[in-house]
Amino acid sequence: VVDLINHVKNTPNGEVILEKRSRPIRVFCTDIKSSPAYSSNDIIKDITNHINICNESKTINAFPLGCAIMADNFFNGDYAYYKMFSLADNAPVSENIYVFPTKNVVSCICDDSKETIYNVYEKIQQYISDNSLAAKSDIYSLSLMNLVDSSETKRYLKYIFVSVD
């Protein structure tokens, strides 16, 4: 998580980049059962379930947590969430731990100040296409901050990433 915080501080907001990591990302996943599943409001029960499972495991820190979008859906403009996840770099291997197939990820740090999340998704798709890359995982959106203030304005800071080759 410390590496992620440094990455957020050193990466311009909204800029899509190719990261060459020292090791593949590992995440702990649980299924989302709610439908529809396009926002945190839609999946509040799934969030609670994910946190409870992480707490029971004793080896997975639930926070920060995020959601995954199936790659095929993502590239067809359907951004429905289907899995919850937490980072699992130090957790023992288990059936719910997914290890990214490559050390390379296309990523973007984004907040709510400049554009909608859908614009960011489109920039990621364009970057992958323009650089002749292939997605090798689903798309993961890690919520570093996700709040609704008293005026019902959604505020967020996200790290969105996908394994590529």
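Residues numbered from 1 in each chain as written. Predicted model: local features only at pLDDT ≥ 70, side-chain atom pairs only at ≥ 80, totals over all residues. Heavy atoms only, no water.

### Some words on the pattern of salt bridges
- Inspection of every chain in the model, using the stated rule, returns two salt bridges.
- Notably, a salt bridge pairs Arg21 with Glu19, separated by 3.4 Å at the nearest N-O pair.
- Given a relative accessible area of 30%, Arg21 falls into the partly exposed group.
- The class for Glu19 is buried, based on a relative accessible area of 10%. (Salt bridge = Lys/Arg side-chain N within 4 Å of Asp/Glu carboxyl O. Buried < 20%, exposed > 50% of the residue type's maximum accessible area, 1.4 Å probe, protein only.)

### Quick notes on helix α4 (residues 117–130)
- An ideal rise of 1.5 Å per residue puts 20 Å on 14 residues; α4 measures up with 20 Å between its terminal C-alpha atoms.
- All of the buried residues along α4 are Ile117, Val120, Tyr121, Ile124, Gln125 and Ile128. Along the long axis of α4, the arc covered by the buried residues comes to 140 degrees, so they all point the same way. Those residues of α4 that are exposed and angled more than 90 degrees off the buried face are Ser129 and Asp130.
- Residue Ser132 follows α4 closely and has a positive phi angle near 50 degrees. (Helix = DSSP H or I, 4+ residues; strand = E, 2+ residues; numbered from the N terminus. Expected span 1.5 Å × (residues − 1). Arc of directions from axis to C-beta.)

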